Amino acid sequence: MRIGLITSAPDHPVLAATAALLTAGGHHVEALDPAAGPDGPFDPPADVYLLKAHTPAALALARGLEERGVPVVNPAAATELCQDRLAMAELARRAGLPFAPTRAAADPAELLGTVEAGELLLPLVVKSRHSRRHDLVARVDDTARLRALTEEWPDEPVVAQPYLPSTGWDQKLWVVAGQLFCARRRSELAGPEHTELPDGADGFGPAELSAERAAVALRAGEVFGLDVYGVDLLDGPGEPVVVDVNAFPGIRGQAGAPEALAALALRVGAAGRSGTAAGVAVSGVPRPRADATGTGAAAVTPAPADAGPGTAAG
């Protein structure tokens, strides 16, 4: 079988390990750089493609393949939806996932006006609305910090969530075709008071994960139509709070993840050959259907920037 990798970094640890497993099994693995564009050199196409890159060029490339009937994991529409943090939050909350309340603003200056008017309380976590490499993610404890962001990121569409107390660590849950992996990672928003590992951090794995949190992670895949994804939860003993959902994350250092990914690729590729893969996730859950604008699953309509008091966790 031929398996394609849509990525500019085929040497990424999880991709390289997956490719090695597939090659050892007699399959052919080829990397397709998104810079080649939707009309790039993929004739004839592979049996299945793994969409690791999230750039506009990568999404266009994936859509071109899907239009030709080639299965892509994850689908372009589902991947794109996870790049819009407001659309992600709106869909998650409508589906009953415990996602951090999220409010959008056209730029940090608009957000500052909302805070100064008393409509939004500090502290907040402020993020770029559109997720990408080197985007804005900042904890804002006072208006001085927010004013600084208006100068540093003057034209950046943003979302705001309430900053919720935590251990300074995140619970990173990764799912590959229903198989759970997890670890604790220090939050990029952690302060100097959060330098030590919380109790049990060294041994945190699926066996230590509560059934409630595992169920939230698995439900996220159904909601977003993803087979390979990550869910970030605030660390702590309380009810789970989701702060992010990522399509095809790195899943670094997780024993068994490359094997699960290789098995998924072969399963989807075989289904594609038999004509049964289109529009159905590996779990059997219908994938998101892009709306007329190509936005993504469930015809998500982002809320207006002044919709309700927003808060976002960090």
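Look above for the structure.
Residues numbered from 1 in each chain as written. Predicted model: local features only at pLDDT ≥ 70, side-chain atom pairs only at ≥ 80, totals over all residues. Heavy atoms only, no water.

Chemist: Which residues make up the overall build of the protein chain, and what are the values?
Modeler: Looking only at helices and strands, the protein chain features eight helices and twelve strands. Looking at the 314 residues of the protein chain, the share that counts as buried comes to 52%. Of the contacts formed within the protein chain by residues at least 6 apart in sequence, a portion of 68% connects residues at least 24 apart. With the model as given, the accessible surface of the protein chain reaches about 13,600 Å², and the carbon-plus-sulfur share is 53%. (Helix = DSSP H or I, 4+ residues; strand = E, 2+ residues; numbered from the N terminus. Buried < 20%, exposed > 50% of the residue type's maximum accessible area, 1.4 Å probe, protein only. Contact = heavy atoms within 4.5 Å. Areas by Shrake-Rupley, 256 points an atom, 1.4 Å probe, with all protein chains shown as cover.)

Chemist: Please provide a residue-by-residue account of the sheet that holds strand 6 (residues 124-128), values included.
Modeler: A sheet is described by the order of its strands in space; here four strands give the open sequence 5-8-6-7, paired in antiparallel fashion. Of all strands in the sheet, those with a lone pairing partner are strand 5 (103-105) and strand 7 (137-140), marking the two edges. Strand-to-strand twist of the sheet, defined as the mean angle between neighbouring strand axes without regard to direction, takes the value 25 degrees. As paired strands, strand 5 and strand 8 (residues 158-162) are joined by three bridges and run antiparallel to one another. In the sheet register, A104 faces strand 8, and the bridge partner there is V159. Lying over the sheet, helix 5 (residues 108-116) contacts strand 5, strand 6 and strand 8, oriented at roughly 120 degrees with respect to strand 5. (Pairing = 2+ DSSP bridges. Axes fitted to C-alpha atoms, helices over the stretch in contact; angles between N-to-C directions.)

Chemist: Mind laying out the packing of helix 1 (residues 13-24) against helix 8 (residues 257-274), listing which residues take part and the relevant values?
Modeler: Two elements in contact, helix 1 and helix 8, have axes separated by 8 Å at closest approach and are oriented at 60 degrees. Classed by the angle they form, the pair helix 1 and helix 8 counts as oblique. The way helix 1 lies across helix 8 gives a crossing that is right-handed. Contact with helix 1, carried on its side by V14, A17, T18, L21 and L22, involves P258, E259, L261, A262 and L266 of helix 8 and no other residues of that element. For the contact of helix 1 with helix 8, a count of residues per class yields eight nonpolar, one polar and one charged. (Parallel < 35°, antiparallel > 145°, perpendicular 65-115°, else oblique. Left-handed = near helix turned anticlockwise from the far one by under 90°. Nonpolar A, V, L, I, M, F, W, Y, C, P; charged D, E, K, R; others polar.)

Chemist: Explain the sheet that holds strand 10 (residues 179-186) to me, using residue names and the numbers behind them.
Modeler: With antiparallel pairing, four strands are arranged side by side in an open sheet as 10-9-11-12. Each end of this open sheet is capped by a strand with a single partner; those strands are strand 10 and strand 12 (242-247). Strand-to-strand, the axes of this sheet are offset by a mean angle of 20 degrees, without reference to chain direction. One ladder, built from eight bridges, connects strand 9 (residues 169-176) with strand 10; its direction is antiparallel.

Chemist: If you had to explain helix 4 (residues 85-94) to someone new, which residues and values would you point to?
Modeler: Among the ten residues of helix 4, seven are classified as buried, and the element is accordingly described as predominantly covered. Restricting attention to buried positions, one finds in helix 4 the residues R85, L86, A87, M88, A89, L91 and A92. Its side-chain oxygen 3.1 Å from the backbone nitrogen of L86, D84 forms the N-cap of helix 4. Downstream of helix 4 by a residue or two, G96 has a phi angle that is positive, lying close to 90 degrees. (Polar contact = N/O pair within 3.5 Å; in protein donor to acceptor, adjacent residues only side chain to side chain.)

Chemist: Give a description of the nonpolar core that names residues and reports values.
Modeler: Residues F224, L226, V231 and V245 are the most contacted members of the largest nonpolar core, which totals 29 residues. Counting residues per element, this core draws most heavily on helix 7 (residues 211-224), which supplies six residues. Among all residues touching V245, those that are not within four sequence positions of it are C82, M88, F99, F224, L226 and G230. Ranked by size, the runner-up nonpolar core spans 24 residues in total, among them I3, L5, A262 and L264. (Core = buried A, V, L, I, M, F, W, Y, C linked by side-chain atoms within 4.5 Å.)

Chemist: Tell me about unusual backbone geometry, and name the residues and values.
Modeler: With an omega of -5 degrees, the peptide bond between V73 and N74 qualifies as cis. With respect to the secondary-structure elements, N74 resides in the loop between strand 4 (72-73) and helix 3 (76-81). The peptide bond linking L122 to P123 adopts the cis configuration, its omega dihedral lying at 5 degrees. Checked against the element boundaries, P123 lands in the loop between helix 5 and strand 6. Despite not being glycine, I251 has its phi angle at roughly 50 degrees, a positive value. Among the structural elements, I251 can be located in the loop between strand 12 and helix 8. I251 gets classed as buried once you look at its relative accessible area, which sits at 5%.

Chemist: Lay out the packing of aromatic side chains with the relevant residues and their values.
Modeler: On inspection of all chains with the given rule, the structure shows zero aromatic pairs. The lysine or arginine in question, R139, covers the ring of Y163, its NZ or CZ lying 4.0 Å from the ring centre. (Phe/Tyr/Trp six-rings, centres within 6.5 Å; stacked < 30°, edge-to-face > 60°. Lys NZ or Arg CZ within 6 Å of the ring centre and 35° of its normal.)

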